[in-house]
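Residue strings, one per chain:
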Amino acid sequence: GWTVGKGACSLVEIRSAEPAEESLIEELKGWEGVARVRTIAPVNAVVANKERKPPFHGAEEMLAYTEKNGRSLWQAAVDYESALSGWSGREVFEYARRLWRIIEASVEEGLKGGFDMNGIVTPRAGALLDQLTKKPRLPMGMLDLAVPVSLGVMEYSNASGAIVCIPTGGSSGIVPGAICGAAAHLGSDEDRKVEALLAAGIVGVCMGDGNNFMGGEFGCQAEVGCGAAMAAGALVQMLDGTPRQACDAASMALQCLLGLVCDPVAGLVQVPCLARNMGSTAVAVVSANAVMAGFDVAVPLQDMFEAMKTVGRIICKSHGIGTTTTPAGLRMKEEQAARDKALRRRGTCG
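Residues numbered from 1 in each chain as written. Predicted model: local features only at pLDDT ≥ 70, side-chain atom pairs only at ≥ 80, totals over all residues. Heavy atoms only, no water.

1. What to know about the packing of aromatic side chains
Move 1: Summed over the entire model, instances satisfying the criterion amount to five aromatic pairs.
Move 2: Both rings, one in Trp74 and one in Phe93, keep their centres 5.6 Å apart while their planes meet at 65 degrees; by these two values the pair is edge-to-face. With Trp74 in helix α3 (residues 73-85) and Phe93 in helix α4 (residues 89-112), this residue pair connects regions lying 19 residues apart in the sequence. For the pair shown, Trp74 and Phe93 are each scored as buried.
Move 3: Judged by centre distance (5.5 Å) and plane angle (70 degrees), the ring pair of Trp87 and Tyr95 falls under edge-to-face.
Move 4: Residue Trp87 is classed as partly exposed on the basis of its relative accessible area of 25%.
Move 5: Tyr95 gets classed as partly exposed once you look at its relative accessible area, which sits at 28%.
Move 6: Grouped by ring-pair contacts, the aromatic residues Phe56, Tyr65 and Tyr80 constitute a single cluster. (Phe/Tyr/Trp six-rings, centres within 6.5 Å; stacked < 30°, edge-to-face > 60°. Helix = DSSP H or I, 4+ residues; strand = E, 2+ residues; numbered from the N terminus. Buried < 20%, exposed > 50% of the residue type's maximum accessible area, 1.4 Å probe, protein only.)

2. Digging into the packing of helix α8 (residues 190-206) against helix α10 (residues 224-238)
In a packed pair of helices, the relevant descriptors are the angle between the two axes and the axis-to-axis distance.
Move 1: It is at 8 Å that the axes of α8 and α10 come closest, and there the two elements cross at 140 degrees. One element, α8, and the other, α10, form an angle in the oblique class. Between α8 and α10 lies a crossing whose hand is right-handed. Along the contact surface, α8 presents Arg192, Glu195, Ala196, Ala199, Ala200, Gly201, Val203 and Gly204, while α10 presents Ala229, Met230, Gly233, Ala234, Gln237 and Met238.
Move 2: When the residues that make up the contact of α8 with α10 are grouped by side-chain class, the tally is eight nonpolar, four polar and two charged. (Axes fitted to C-alpha atoms, helices over the stretch in contact; angles between N-to-C directions. Parallel < 35°, antiparallel > 145°, perpendicular 65-115°, else oblique. Left-handed = near helix turned anticlockwise from the far one by under 90°. Contact = heavy atoms within 4.5 Å. Nonpolar A, V, L, I, M, F, W, Y, C, P; charged D, E, K, R; others polar.)

3. Details of the nonpolar core
Inside soluble globular proteins, nonpolar side chains tend to come together where they are buried.
Move 1: Ranked by size, the top nonpolar core spans 85 residues in total, and within it Val175, Ile179, Leu198, Met207, Leu235, Leu254 and Leu301 carry the most contacts.
Move 2: Examining the composition of this core, we find that 11 residues originate from one element, α10, more than from any other. (Core = buried A, V, L, I, M, F, W, Y, C linked by side-chain atoms within 4.5 Å.)

4. Focus on the side chain of Lys193
Move 1: Looking at the element boundaries, Lys193 is found in helix α8.
Move 2: Given a relative accessible area of 17%, Lys193 falls into the buried group.
Move 3: Once you skip the residues sitting within four places of it in the chain, Lys193 turns out to touch Trp100, Glu104, Ile179, Ala183 and Ser188.

5. Notes on unusual backbone geometry
Move 1: That bond from Ile166 to Pro167 is cis: its omega, -5 degrees, falls within 30 degrees of zero.
Move 2: Structurally, the position occupied by Pro167 is in the loop between α6 (143-158) and α7 (174-186).
Move 3: Residue Pro272 is bonded to the preceding Val271 through a cis peptide linkage, with omega at 5 degrees.
Move 4: Position of Pro272 among the secondary structure elements: in the loop between α11 (243-257) and α12 (273-292).
Move 5: Backbone geometry places Phe213, a non-glycine residue, at a positive phi of 60 degrees.

6. Observations concerning the pattern of salt bridges
Pairs can form between side chains of opposite charge once their charged atoms are near each other.
Move 1: Using the criterion set out here, one finds 16 salt bridges in the structure.
Move 2: Ionic pairing is found between Arg71 and Asp79, a salt bridge with its closest N-O pair at 2.9 Å.
Move 3: For Arg71, a relative accessible area of 27% translates into the label partly exposed.
Move 4: Of the charged contacts, one joins Arg192 and Asp240 as a salt bridge, the two residues approaching to 3.1 Å between their closest N and O atoms. A residue pair is termed long-range when its members are at least 10 positions apart, and Arg192 in helix α8 and Asp240 in the loop between α10 and α11 qualify at 48 residues.
Move 5: The class of Asp240 is exposed, set by a relative accessible area of 57%. (Salt bridge = Lys/Arg side-chain N within 4 Å of Asp/Glu carboxyl O.)

7. A closer look at the layout of surface pockets
Move 1: Of the pockets and cavities examined, the largest pocket occupies roughly 990 Å³.
Move 2: As for the largest pocket, its lining consists of 29 residues, and the residues nearest its centre are Glu81, Tyr95, Leu99, Gly201 and Val205.
Move 3: Contributing elements (two or more residues each) for the lining of the largest pocket: α3, α4 and α8.
Move 4: Ranked by residue count, the leading element in the lining of the largest pocket is α8, at seven residues.
Move 5: Tallied by class, residues from the lining of the largest pocket come to 24 nonpolar, four polar and one charged. (1 Å grid on protein atoms, 1.4 Å probe; cavity = no way out; pocket = protein on both sides within 12 Å on 5 of 7 lines; lining within 4 Å. Points joined across faces, edges and corners; volume = space filled by probe spheres on them.)

Given below as structure tokens:
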């Protein structure tokens, strides 16, 4: 359907997933007081339709759905998106491929570096990759690639590069790092990476009820915690695990990061955010491997998700604590404020 808005400035905007018919445009131009008419494509790829219903809600219903229908985690993601969008399964998969290619481009640019983050740190992902792969360190296996990738995506995000928020900009490095690191180790092709991305997405959907993934509202646990959970689910998918194993790995990741506060120094998504993306990538790997090896997480994902929200309501009342209040944090905040003031002055004068 069409959404037509008539504002006080005599401007009519048409928001639709399809081009406006010429007859409609001509009719609107004839409205009294209308100066001009323009069509605007929606930001979202799919226009919301309240008549469409998902096949399941939450982790428990999703697991019941996959077991009843013999669907893998990524296939459940396709079914979910198809039900809500009206797209075919192939269309959903190809859109996920498009998102994955945006991720890969952000990985490439992030590791290349050379951009200005305008903040309290400088890009280090490329140098980190070089150090981890060329000099003897404690062996980390796939993390030697996964960690620099997660850092690179976050740094590129700080430089206003195009990224995919998974689930947020402040946690956008974890899933790419985990998938890229595992894919290099396993020899996975692009389709397998896209399947992993879909698997991560549906784990995120299972953690979406009453959760906006905002660190300022539920703590950083809702960003890097949920990001690590999504990455753990993606890794289990890459290891051909079951949806239940994927949810268990996601639960373990949440258990590891439960209670993490949101405390960005100088209000920037840099310290401790960059470090947390790297560390949470490792948490996702440990969680996936532990569950695939038979570790019993004991608490199902649905329960852990509800616990996370409960904890989040408590810690969100404790602003002004953590890294940002350390002597170093306070100093960097003052230094950033001075840089921002100088930039504003140059912008005004130049």
